[in-house]
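A closer look at the structure
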Amino acid sequence: MRAPLAAWLRAEGAAAGGKRVLDVGCGAKPYYPFFAGAAEYVGIDAVPTSMTDLVGPVEALPIDDGAFDVVLCTQVLEHADDPAAAVRELHRVTTPGGRVLASTHGVAVFHPNPNDYWRWTHTGLRKLFEANGDWQSISVTPGAGTAECLALLFARFVHLSAKRAQLALLARPLVAALNTGAAALDARVPILREPIPGSLFANFHVTAVKV
């Protein structure tokens, strides 16, 4: 899940030179290095940390209308009390013609932080964005394929079991092998990367361009 997300944002960051970037739910700002060429990079989170520039929930951002050219919202929507209100806020603070880059789960283990409410399909995410903003275009793509999703879930339980048995280090080679093998399988079998009935995706990447 993380490698495809990082690759996507690295490519977006390369095209964001001189732009104003807002990172909603920034945490420790792990993607800041990808946007080093931005004119401004502001991080906001509901839970303040040493890396947080502003404090506020995604449903009520303390930011002026149209203030940012690029708005990131990675792995936040599944934790939002009101995802529709969150998308409306992302739209509001984006400048006309600007881009919202959002990611969220399709399939994942329960992970309250502090809460964990939602999972989506690609059609559900498209509907969520279409209903909550005036967008020029909306793209929803799986971050990785079905084999990688299954490997992620299995590796997660392998890691948890090994951690409880105080054997976490021994699980690392198996987890690495699962991820590597699944990525190779998805690369060789295109249908595993297609959002068709029966598919499973751990994560989706949404690119929404504001009118």
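In case you missed it, the structure is sitting above this.
These lines cover the structure that appears in this document, whether it is placed above or below.

Reading guide: rules and limits
- Residues numbered from 1 in each chain as written.
- Predicted model: local features only at pLDDT ≥ 70, side-chain atom pairs only at ≥ 80, totals over all residues.
- Heavy atoms only, no water.
- Axes fitted to C-alpha atoms, helices over the stretch in contact; angles between N-to-C directions.
- Helix = DSSP H or I, 4+ residues; strand = E, 2+ residues; numbered from the N terminus.
- Parallel < 35°, antiparallel > 145°, perpendicular 65-115°, else oblique.
- Contact = heavy atoms within 4.5 Å.
- Nonpolar A, V, L, I, M, F, W, Y, C, P; charged D, E, K, R; others polar.
- Pairing = 2+ DSSP bridges.
- Buried < 20%, exposed > 50% of the residue type's maximum accessible area, 1.4 Å probe, protein only.
- Core = buried A, V, L, I, M, F, W, Y, C linked by side-chain atoms within 4.5 Å.

In contact at an axis separation of 8 Å, helix α4 (residues 146-164) and helix α5 (residues 168-188) are set at 175° when each is read in the N-to-C sense. By the criterion of interaxial angle, the relationship of α4 to α5 is roughly antiparallel. Touching Thr146, Ala147, Glu148, Ala151, Phe154, Ala155, Val158, Ala162 and Lys163 of α4 are Ala168, Ala171, Leu174, Val175, Leu178, Ala182, Ala183, Leu185 and Asp186, all from α5. Residue classes in the contact of α4 with α5 are distributed as 14 nonpolar, 1 polar and 3 charged.

Read from one edge of the open sheet, 7 strands run β3-β2-β1-β4-β5-β7-β6, paired in mixed fashion. The open sheet has two free edges, formed respectively by β3 (54-55) and β6 (135-142), since each of these has just one partner strand. Summarising the sheet, strand β1 (residues 20-24) and strand β4 (residues 68-74) pair through 3 bridges and their orientation is parallel. Paired with leucine 22 across the bridge in β4 is valine 71. The sheet strands contacting helix α2 (residues 83-93) are β1, β4, β5 (94-105), β6 and β7 (203-210), and the helix crosses β5 at an angle near 145°. The sheet strands contacting helix α3 (residues 122-130) are β5, β6 and β7, and the helix crosses β6 at an angle near 160°.

Moving on, we come to the pairing of strand β2 (residues 40-45). A large share of β2 lies buried, amounting to 5 of its 6 residues. As defined by bridge partners, β1 adjoins β2 across 5 bridges and the pair is classed as parallel. Its bridge partner lying in β2, arginine 20 is registered against glutamate 40. Direction of pairing for β2 relative to β3: parallel, over a ladder of 2 bridges. Counted as the bridge partner of isoleucine 44 is leucine 54 from β3.

Ranked by size, the top nonpolar core spans 31 residues in total, and within it Leu22, Val24, Val58, Ile63, Val71, Val100 and Phe129 carry the most contacts. Of all the secondary-structure elements, those providing two or more residues to this core are β1, β2, β4, α2, β5, α3, β6 and β7. For this core, the element with the most residues is α2, which contributes 4 residues. In this view, isoleucine 63 contacts Leu22, Ile44, Leu54, Phe68, Arg92 and Val93; residues no more than four positions away in its chain are not counted. Counting 14 residues, the second-largest nonpolar core is a separate cluster that includes Leu9, Tyr31, Tyr41 and Leu101.

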